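# Summary of structural features
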Amino acid sequence: MKTAGIILAGGQSRRFGSPKALALWNGKTFVEHAISALAADSTVIISPLPQLDSFGRRVPDLPAYAGMGPLAGILTGMTECEADWYIVMPCDTPRMTRDVIERLLTFAGGMQAVVPVIEGRQQPLIAAYHCSTKAVLEQQLQQGELRMMSFLSRLSVRYVTEADLQAQPEQFMNVNTRIEYTELLNKESAL
Ligand SMILES: Nc1nc2c(ncn2[C@@H]2O[C@H](COP(=O)(O)OP(=O)(O)OP(=O)(O)O)[C@@H](O)[C@H]2O)c(=O)[nH]1
């Protein structure tokens, strides 16, 4: 099974005020934490930011779908890399770890997607998608339908819990605001 990691590092970071991918935690940028967590044969960073070039292979969103949000980033990654399964990872969940992603992949059989449900909330941006979902996603975006829930409703999905993944709910917490970032940094100093 060939896997590819898709790091979503586009978007506006409006609530954060500067590109989240370049925020620092525990001596590494958020994008580096995402790279470390990805257990994949190849990895691509989807972002318009040239500052991310030093961290790995970076490509901007496909022009036809630029500015259309995370689903556009996922389709871009699927177009850039050939793989059986794609692991999607945002750049704002620096506490995610490789062991959790490896366990996620163990559920990738017979379904089109594996999506965590953590404390009852679906986490489709830290999830695995089979290559058969690419055509579904392309058709959906061509229809101008940008909602993640709409994408999931078109797929056969295996939902897995934090217990299945032996994960701590905090590992899935994302940093959207400066307040959330300060909370994260306080945890760092408490280590
Ligand atoms: N490639 C790509 N990634 C995106 C896009 N929109 C959001 N992302 C990424 O998807 C993840 C979740 O993004 P959000 O926090 O919902 O949105 P954001 O635009 O980064 O932040 P806000 O402007 O504060 O909403 C982050 O890793 C973003 O970098 C996009 O259009 N293209």
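Residues numbered from 1 in each chain as written. Predicted model: local features only at pLDDT ≥ 70, side-chain atom pairs only at ≥ 80, totals over all residues. Heavy atoms only, no water.

## Overview of the packing of helix 2 (residues 70–80) against helix 4 (residues 133–142)
It is the contact of helix 2 with helix 4, at a shortest axis distance of 10 Å, that shows an interaxial angle of 135°. By the angle class used here, helix 2 and helix 4 are oblique. Handedness of the crossing formed by helix 2 with helix 4: left-handed. Residues Leu-71, Ala-72, Ile-74, Leu-75, Met-78 and Thr-79 of helix 2 lie in contact with helix 4, whose contacting residues are Thr-133, Lys-134, Leu-137, Glu-138, Gln-140 and Leu-141. Across the contact of helix 2 with helix 4, the residue classes break down as 7 nonpolar, 3 polar and 2 charged. (Axes fitted to C-alpha atoms, helices over the stretch in contact; angles between N-to-C directions. Helix = DSSP H or I, 4+ residues; strand = E, 2+ residues; numbered from the N terminus. Parallel < 35°, antiparallel > 145°, perpendicular 65-115°, else oblique. Left-handed = near helix turned anticlockwise from the far one by under 90°. Contact = heavy atoms within 4.5 Å. Nonpolar A, V, L, I, M, F, W, Y, C, P; charged D, E, K, R; others polar.)

## Re the UniProt feature "binding site: GTP" (unreviewed entry) in the chain
UniProt's entry tags Leu-8, Ala-9, Gly-10, Lys-20, Asp-61 and Asp-92 with the feature "binding site: GTP" (unreviewed entry), counted in the numbering of this structure. Among the secondary structure elements, Gly-10 is positioned in the loop between strand 1 (3–8) and strand 2 (24–25). Given the relative accessible area of 34%, Gly-10 is considered partly exposed. In this structure Gly-10 touches Ile-46, Ser-47 and Pro-48, once residues within four positions along its chain are discounted. If we ignore the near neighbours within four places in the chain, the residues touching Asp-61 are Ile-46, Ala-66, Ala-72, Gly-73 and Thr-76. (UniProt positions renumbered as here; feature names shortened; annotations may be inferred. Buried < 20%, exposed > 50% of the residue type's maximum accessible area, 1.4 Å probe, protein only.)

## Regarding the packing of aromatic side chains
Using the criterion set out here, one finds 3 aromatic pairs in the structure. With a centroid separation of 5.3 Å and 70° between ring planes, the pair formed by Phe-16 and Tyr-181 is classed as edge-to-face. Taken as a pair, Phe-16 in the loop between strand 1 and strand 2 and Tyr-181 in helix 7 (residues 178–190) lie far apart in primary sequence, 165 residues in all. Accessibility assignment for this pair places Phe-16 and Tyr-181 in one class, buried. Here a set of aromatic residues connected by ring pairs shows up, and it is made of Phe-16, Phe-30 and Tyr-181. Above the face of the Phe-16 ring, Arg-178 is positioned so that its terminal group lies 4.0 Å from the ring centre. (Phe/Tyr/Trp six-rings, centres within 6.5 Å; stacked < 30°, edge-to-face > 60°. Lys NZ or Arg CZ within 6 Å of the ring centre and 35° of its normal.)

## Topic: the UniProt feature "binding site: Mg(2+)" (unreviewed entry) in the chain
Listed under "binding site: Mg(2+)" (unreviewed entry) in the UniProt record, and renumbered for this structure, are Asp-92. Of note, Asp-92 is situated in the loop between strand 6 (85–90) and helix 3 (98–105). Judged by its relative accessible area of 8%, Asp-92 is buried. Setting aside chain neighbours within four positions, we find Asp-92 in contact with Lys-20, Phe-30, Met-173, Asn-174, Val-175 and Asn-176.

## With respect to the environment of Met-149
With respect to the helices and strands, Met-149 occurs in helix 5 (residues 148–153). With relative accessibility at 46%, the residue Met-149 sits in the partly exposed group. Considering only alpha carbons, one finds Met-149 and Gln-122, 27 residues apart in sequence, at a separation of 9.3 Å.

## Digging into the site of the ligand
In the region of the ligand, 19 residues are neighbours, and Leu-8, Gly-10, Gln-12, Arg-14 and Lys-20 sit closest. Between the ligand and the protein, one listed contact pairs an oxygen atom with a side-chain N or O atom of Arg-15 at 2.8 Å. Ile-46 places a polar main-chain atom, nitrogen or oxygen, 3.2 Å from a nitrogen atom of the ligand. The fraction of the free accessible surface of the ligand (610 Å²) that becomes covered by protein chains is 88%. Looking at the shell around the ligand, its residues break down into 7 nonpolar, 7 polar and 5 charged. (Near = heavy atom within 4 Å. Polar contact = N/O pair within 3.5 Å; in protein donor to acceptor, adjacent residues only side chain to side chain. Areas by Shrake-Rupley, 256 points an atom, 1.4 Å probe, with all protein chains shown as cover.)

## Thoughts on the side chain of Gln-171
For Gln-171, the position within the fold is in the loop between helix 6 (162–165) and helix 7. For Gln-171, a relative accessible area of 12% puts it in the buried group. Not counting residues within four places of it along the chain, the set of residues in contact with Gln-171 comprises Thr-93, Arg-95, Met-96, Thr-97 and Val-100.

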